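Structural description and commentary
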Amino acid sequence: MSIQPVDVLYTAVATAENGRDGRVATDDGKLDVIVNPPTEMGGAGSGTNPEQLFAAGYSACFQGALGVVARQAKADISGSRVTAKVGIGKIPSGGFGLTVELSVSIPNVDDVTAKDLVEKAHQVCPYSNATRGNITVDLAVV
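Residues numbered from 1 in each chain as written. Predicted model: local features only at pLDDT ≥ 70, side-chain atom pairs only at ≥ 80, totals over all residues. Heavy atoms only, no water.

1. Examining the sheet that holds strand β1 (residues 14–17)
Taken together, three strands build an open sheet; the order of strands is β1-β2-β3 and the sheet is antiparallel. Edge positions in the sheet fall to β1 and β3 (32–35), since each has one partner strand and no second. On average, adjacent strands in this sheet sit at an angle of 20 degrees to one another, irrespective of strand direction. (Pairing = 2+ DSSP bridges. Helix = DSSP H or I, 4+ residues; strand = E, 2+ residues; numbered from the N terminus. Axes fitted to C-alpha atoms, helices over the stretch in contact; angles between N-to-C directions.)

Now the structure itself:
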């Protein structure tokens with residue numbers, strides 16, 4: 001897959017201190033959180049963690065992409081929800097990898113339409129485009 005050029009409209013800036021056991025803040029002050037490894041990974045679990053932040057960003061971004069494709073299809077997605085589950089674990093090469101499961105609920109359309117909208121949103125969403133071919137992203141219409 002070739003890298004597509006991007007006409008940048010906005011750039012987010014965040015700085016981390018002390019990695020997974022510290023603090024992450026954006027340059028505009030809108031996000032400033034303590035991060036800690038989850039207890040499942042031996043951490044205190046008292047703050048958020050990068051996987052939760054990724055899940056929050058991916059679910060919000062995918063919901064936005066769903067809105068774009070729904071408007072094009074003139075489909076009613078009011079009341080829809082996107083839940084992202086981000087898993088982290090060891091990979092055979094010795095590092096760590098991620099998995100993502102996106103569960104999408106669109107109550108005002110039939111199952112066939114919902115699946116079509118989710119597939120189209122997966123092609124539009126910047127997070128989906130960034131992860132495609134790099135990590136497993138499973139889509140589920142619930």
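2. Some details on the domain arrangement of the chain
The domains assigned to the chain are domain 1 (1–48) and domain 2 (49–141). Taken together, the contacts link nine residues of domain 1 with seven residues of domain 2. Of the roughly 680 Å² buried between domain 1 and domain 2 on both sides combined, carbon and sulfur atoms contribute 67%. In this structure, the connection of domain 1 to domain 2 is made through one salt bridge. Note that R20 and E51 form a salt bridge whose closest N and O atoms lie 2.4 Å from each other. At the boundary of domain 1 and domain 2, one finds two residue pairs in polar contact (both at pLDDT 80 or more). Of the residues assigned to the side of domain 1 that touches domain 2, the class counts are five nonpolar, three polar and one charged. (Domains from an automatic or database assignment. Contact = heavy atoms within 4.5 Å. Buried area = accessible area lost by both parts, 1.4 Å probe. Salt bridge = Lys/Arg side-chain N within 4 Å of Asp/Glu carboxyl O. Polar contact = N/O pair within 3.5 Å; in protein donor to acceptor, adjacent residues only side chain to side chain. Nonpolar A, V, L, I, M, F, W, Y, C, P; charged D, E, K, R; others polar.)

3. So, the pairing of strand β5 (residues 96–105)
With ten bridges connecting them, strand β4 (residues 81–90) and β5 associate as antiparallel partners. By the bridge assignment, A84 is partnered in β5 with L102. Both β5 and strand β6 (residues 136–141) contribute to a ladder of six bridges, which runs parallel. Considered in β6, the bridge of S103 is made with A140.

4. Observations regarding the packing of aromatic side chains
How two aromatic rings sit relative to each other is set out by the distance from centre to centre and by the angle between their planes. Throughout the structure, instances matching the rule amount to three aromatic pairs. Arranged with centres 5.8 Å apart and planes meeting at 75 degrees, the rings of F54 and Y58 form a pair that is edge-to-face. Of this pair, F54 and Y58 both sit in helix α1 (residues 50–73), four residues apart, which is roughly one turn of that helix. Accessibility expressed as a relative area gives 0% for Y58, which makes it buried. Plain terms: the ring middles of Y58 and Y127 are 5.3 Å apart, the flat faces sit at 35 degrees to each other, and that makes the pair tilted. With Y58 in helix α1 and Y127 in helix α3 (residues 126–131), this residue pair connects regions lying 69 residues apart in the sequence. The exposure class assigned to Y127 is partly exposed, which follows from its relative accessible area of 28%. Through pairs of rings, three or more aromatic residues link up here, namely F54, Y58 and Y127. (Phe/Tyr/Trp six-rings, centres within 6.5 Å; stacked < 30°, edge-to-face > 60°. Buried < 20%, exposed > 50% of the residue type's maximum accessible area, 1.4 Å probe, protein only.)

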